[in-house]
Amino acid sequence: AWRYQDRLRALLPKTELNDLVARGQKALAEGKLVGTQGDSARELFQAARALDADNDLVRAGLNKVGLRLIEQARVAMTRNDFTTARGNLAAATEILGGGPEVEEFKAAMHAAENRNTASEELLRRADAALIAGTLTGDKGASTFYQRVLDADATNALALNGLKKVGEMVARQDRDAITAGNGSLADR
């Protein structure tokens, strides 16, 4: 009976527990993980757990909800939507009670937030250098934009900033040539 408990459970008449588990699995399949209307996978599995805390289907369902929340948090983190990522992580932590997946993601998110903060600071310094007309060199806008791109090659702000630097350097070069200053144009 223990070995075939899931098959035997399916033979039993539908009970409130079975109904909650079935609805929870449906909500999970539809991607409705959390909510407050009583129809989210989390709420349904938690209601089922209140009826039978030792039920394997309920525990597996809650575990799947927690892991899906971590997946959604990862997606949000890649979009730099740290608010959503933190919310999903908090819900996953509450459901899973910790564990290697939660701890691994916490570390990854902390590192991503630090990179994002560093990138924001570099972008501020690059923009200030661009406004000041310091385009090249160690304190030049191009150096700061490139450092952002070294961390995130798809950063649109840094790519656009480098484009502006290129346009300004080209304009300075044309002006130097027009003025007959070949050494400035070469530099």
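Analysis parameters
Residues numbered from 1 in each chain as written. Predicted model: local features only at pLDDT ≥ 70, side-chain atom pairs only at ≥ 80, totals over all residues. Heavy atoms only, no water. Helix = DSSP H or I, 4+ residues; strand = E, 2+ residues; numbered from the N terminus. Contact = heavy atoms within 4.5 Å. Polar contact = N/O pair within 3.5 Å; in protein donor to acceptor, adjacent residues only side chain to side chain. Buried < 20%, exposed > 50% of the residue type's maximum accessible area, 1.4 Å probe, protein only. Arc of directions from axis to C-beta. pLDDT = per-residue confidence, 0-100. Expected span 1.5 Å × (residues − 1). Core = buried A, V, L, I, M, F, W, Y, C linked by side-chain atoms within 4.5 Å. Salt bridge = Lys/Arg side-chain N within 4 Å of Asp/Glu carboxyl O.

*Asks:* Even after reading the chapter, I still don't get the environment of K32, so can you show me in this structure?
*Replies:* Assignment of secondary structure puts K32 in the loop between α2 (16-30) and α3 (41-51). For K32 and T134, which are 102 residues apart along the polypeptide, the C-alpha to C-alpha distance reads 51 Å. Discounting residues that sit within four places of it in the chain, K32 has contacts with A27, D39, S40 and A41. A distance of 2.8 Å separates polar atoms of two side chains, one belonging to K32 and the other to D39.

*Asks:* Explain helix α7 (residues 141-151) to me, please; I cannot follow it from the model alone.
*Replies:* Counting along an α-helix, one turn takes 3.6 residues, and residues three or four places apart therefore face a common direction. Looking at α7, one finds that the buried residues are A141, S142, F144, Y145, V148 and L149. The arc that holds every buried residue of α7, seen down its axis, measures 165°, which confines them to one face. Next to the buried residues of α7 lie α6 (100-132) and α8 (156-178).

*Asks:* I'm lost on the confidence of the model for the protein in this one. Help?
*Replies:* Should pLDDT be low for a region, the predicted coordinates there are not to be read in detail. Mean pLDDT over the protein stands at 85; residues scoring 70 or higher make up 97%. Taken element by element, the protein is modelled with least confidence in helix α1 (residues 5-11), mean pLDDT 72, and with most confidence in helix α4 (residues 56-78), mean pLDDT 91.

*Asks:* What's the story with α2 in this structure? I'm lost.
*Replies:* With 15 residues, α2 extends 21 Å from end C-alpha to end C-alpha; this agrees with the ideal 21 Å at 1.5 Å per step. Burial in α2 covers these residues: L17, N18, L20, V21, G24, A27 and L28. Just beyond α2, the residue with positive phi is G31, at close to 85°.

*Asks:* Whenever I open this one, the nonpolar core confuses me. Can you help?
*Replies:* Generally speaking, nonpolar side chains in soluble globular proteins are found buried as a group. Of all hydrophobic cores here, the largest spans 28 residues; its most connected members are V65, L69, M77, A85, F105 and M109. Every element with two or more residues in this core is listed here: α2, α3, α4, α5 (82-96) and α6. Broken down by element, this core gets its largest block of residues, 8 residues, from α4. Look past the residues within four positions of V65 in its chain and what remains in contact with it is L28, L33, A41, R42, F45 and I95. The next biggest cluster of nonpolar side chains, apart from the first, holds 13 residues, and it includes L122, A126, Y145 and V148.

*Asks:* Explanation requested: the environment of L8 in the structure shown.
*Replies:* Position of L8 relative to the elements: it lies in helix α1. Along the backbone, L8 and G31 are 23 residues apart, and their C-alpha atoms lie at a distance of 28 Å.

*Asks:* Teacher, can you tell me more about the pattern of salt bridges here?
*Replies:* Oppositely charged side chains may form a pair once their charged atoms are brought near each other. Counted by the stated rule, this structure contains 10 salt bridges. Note that K26 is salt-bridged to E30, the shortest N-O span being 3.5 Å. Linking K26 with E30, this pair stays in helix α2, spanning 4 residues, or about one helical turn. When sorted by exposure, K26 lands in the same class as E30, which is exposed. Ionic pairing is found between R86 and E113, a salt bridge with its closest N-O pair at 2.7 Å. In this pair, R86 sits in helix α5 while E113 sits in helix α6, placing the two residues 27 residues apart along the sequence. The buried category is assigned to E113, whose relative accessible area is 19%.

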